[in-house]
Amino acid sequence: MLTDFSLKWDKFIVNFIDKGGYKQVVDGLENTILVAVVGLVIGMLIGVVIAVISVMPKYPILPYAIQNRFDRFLDRFPKKPLLRVVSFYYFFYAIMWILQRIPFILQKICSLYVALFRGTPVMVQLLMGYFVLLPSMGLKVTAVQASMLIFGLNSGAYVSEIMRGGINSVDAGQLEAARAVGFSYSASMIKIVVPQAIKNILPTLGNEFIALIKETSIIGYAGALDLVYAFKQIGTSTYEYTVPYIVLSVIYIALVVVITIGLKIMERWLAKSDRRR
Amino acid sequence: MIDVVDLHKSFGDHEVLKGITTTIHEGEKVVVIGPSGSGKSTFLRCLNCMEDPTSGSIIFEGEDIANIHVDINRHREKIGMVFQQFNLFNNKTVLDNVMLAPYCLGKKKLGKMKKDPSYTGPKTKKELNAHCEEEARRLLRRVGLEEKASAYPSTLSGGQKQRVAIARALAMNPKVMLFDEPTSALDPEMVGEVLDVMKELAASGMTMVVVTHEMGFAREVGTRVLFIDEGVIAEENTPQEFFANPQTERLKTFLSKVL
């Protein structure tokens, strides 16, 4: 058994080092990390935006400057019902009505987006995106670029829910205090609430990142060279899979350990405003 | 300074304020007292539209800020507010808590100010930052917390937090200060330090509206006391008259319980 393994190991080493298999592995590692990191960054951006939209006040309201302009504009129209119809009063009124409800409309769109991306497997999204949607839109992208985009969109749906929980976990008094000194809703969100929310959700966000790194193992199906694909090719060329897959697993574990340590450091850095050390 | 006209506020079916009309004049120290659930906090929160009034108007500097089409943020800069739960920004140091609003809101106006030839204040972001920091340190000195400038709020005691909150509200140079039960969440021995800051503030001529259960403070500092009960002003008077000769039966029973 042991001699059997050492034989396999030698075979792998020959293929990995002497025949240059490591080059593919390095490229694959780079792509894996790239897709995961870019995916998470895109996901965070989308997630924050969706989360902020979904916690926005629900009642119809426009920024005061736009509303005032509308009021003044609509005031100039004649008061008689028939004349109003002829003068397109109701047309402009309808535009105002829709603009006032933009937050509500955006919320509906966002919940549709989340339902779509959480409701289908990421594999289906990748195949659908890379082989059907992107080509049909006339976009020429590499498999890696498409993967970044798809994983970004996918994790955006998950991060948005995590983020929403994070925003809700911040005491409502923080937003009130920021509004009371004169910050607008968006400024108070950006400066006060979201930073605290991100701090609260950092462990969960790390979870998402680790899951993302492992999920990227499917990008080989779109023809992108990632870690799994690279090791699979080494295996195929020797008909010997044991050692390549063990090494592959070890590399993934090492990646996750590194991320875990990085997250710990980041958490400690962000916790400097807490009493905990 | 603030005219409140027939102010109503309902939460769903529950009507909390049932028509309040009063005027807060410049330099006045109005103390609002009343049993819990009477709507005194809601009344205060309506003054800077933290709660949007259901109907009625609040005229501040000639503009009805209860109107939803008015830029409320501009007016809130001029109405300082201090909360029962302090609500310091947890992710900022004490100094940043105080200077955040003047700096960030000042930055926005910088472009417009530069065109004004009579304007002599800070002209660049750097100057503005230095100016705001100096101002913030001055305010922290005023509330006796200058040495805590680089500490985070979580390391402060309740009384210290509330003093920082007062400094933060003062940093915008407000014309009126609203206090929402500023000492109710404090240990008894910390109440004094916060009240001292408030007394000093009152002596400097600031217009103040204070919701409180501190009857001693009302008597000593207040120039007018409002008794709010069941959503209306049941009685208002100077503190001497208010505590010595309560007119309504409701106030008599209330005072007999709290004094």
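Structure: see above.
The rules we used
- Residues numbered from 1 in each chain as written.
- Chains lettered and ligands numbered in written order.
- Predicted model: local features only at pLDDT ≥ 70, side-chain atom pairs only at ≥ 80, totals over all residues.
- Heavy atoms only, no water.
- Contact = heavy atoms within 4.5 Å.
- Buried area = accessible area lost by both parts, 1.4 Å probe.
- Salt bridge = Lys/Arg side-chain N within 4 Å of Asp/Glu carboxyl O.
- Pairing = 2+ DSSP bridges.
- Helix = DSSP H or I, 4+ residues; strand = E, 2+ residues; numbered from the N terminus.
- Axes fitted to C-alpha atoms, helices over the stretch in contact; angles between N-to-C directions.
- Patch = residues over 30% accessible without salt bridge, like charges linked within 9 Å, V, L, I, M, F, W, Y side chains within 5 Å.
- Areas by Shrake-Rupley, 256 points an atom, 1.4 Å probe, with all protein chains shown as cover.
- Parallel < 35°, antiparallel > 145°, perpendicular 65-115°, else oblique.
- Left-handed = near helix turned anticlockwise from the far one by under 90°.

Student: Would you explain the interface of chain A and chain B in this entry?
Tutor: Size of an interface: often given as the accessible area lost when the parts come together. Counting from both sides, the interface comprises 26 residues of chain A and, opposite them, 31 residues of chain B. Buried area between chain A and chain B, summed over both chains or domains, comes out near 2500 Å², and the portion from carbon and sulfur atoms is 56%. At the surface where chain A touches chain B, the tally comes to one salt bridge. A salt bridge links Glu176(A) to Arg45(B), with the nearest nitrogen and oxygen atoms 2.8 Å apart.

Student: Explain the sheet that holds strand E10 (residues 232-237) of chain B to me, please; I cannot follow it from the model alone.
Tutor: Either a parallel or an antiparallel arrangement is found when strands of a sheet pair, and the pairing is made through backbone hydrogen bonds. Residue and element names in this part refer to chain B. Taken in spatial order, the six strands of this open sheet run E6-E7-E8-E3-E9-E10, and their pairing is mixed. Because the sheet does not close on itself, it has two edges, and the strands there are strand E6 (79-82) and E10. Ignoring which end each strand starts from, the neighbouring axes of this sheet average 20° apart. The pairing of strand E7 (residues 176-180) with strand E8 (residues 207-211) spans five bridges and is parallel. For Leu-178, the partnering residue across the bridge sits in E8 and is Val-209. Packed on one face of the sheet, helix H9 (residues 249-258) meets strand E3 (29-33), strand E9 (224-229) and E10 and runs near 100° to E9.

Student: In this structure, what is going on with a nonpolar patch on the surface? I would like to understand it.
Tutor: Residue and element names in this part refer to chain A. A cluster of nonpolar side chains, namely Leu-82, Val-85, Val-86, Tyr-90, Tyr-93, Trp-97, Ile-98, Ile-102, Phe-104, Ile-105, Leu-106 and Ile-109, defines an oily patch on the protein surface of about 1200 Å² accessible area. For the nonpolar patch, the elements supplying multiple residues, two or more each, are helix H4 (81-86), helix H5 (89-100) and helix H6 (102-119). Counting residues per element, the nonpolar patch draws most heavily on H6, which supplies five residues. Structurally, Ile-105 is set in helix H6.

Student: Where do I start with the packing of helix H2 (residues 21-54) of chain A against helix H8 (residues 143-169) of chain A in this structure?
Tutor: Two numbers describe a pair of packed helices, the interaxial angle and the distance between the axes. Residues and elements named next belong to chain A. With their axes 5 Å apart at the nearest point, H2 and H8 run at an angle of 40° to one another. By the angle class used here, H2 and H8 are oblique. The two elements H2 and H8 cross, and the hand of that crossing is right-handed.

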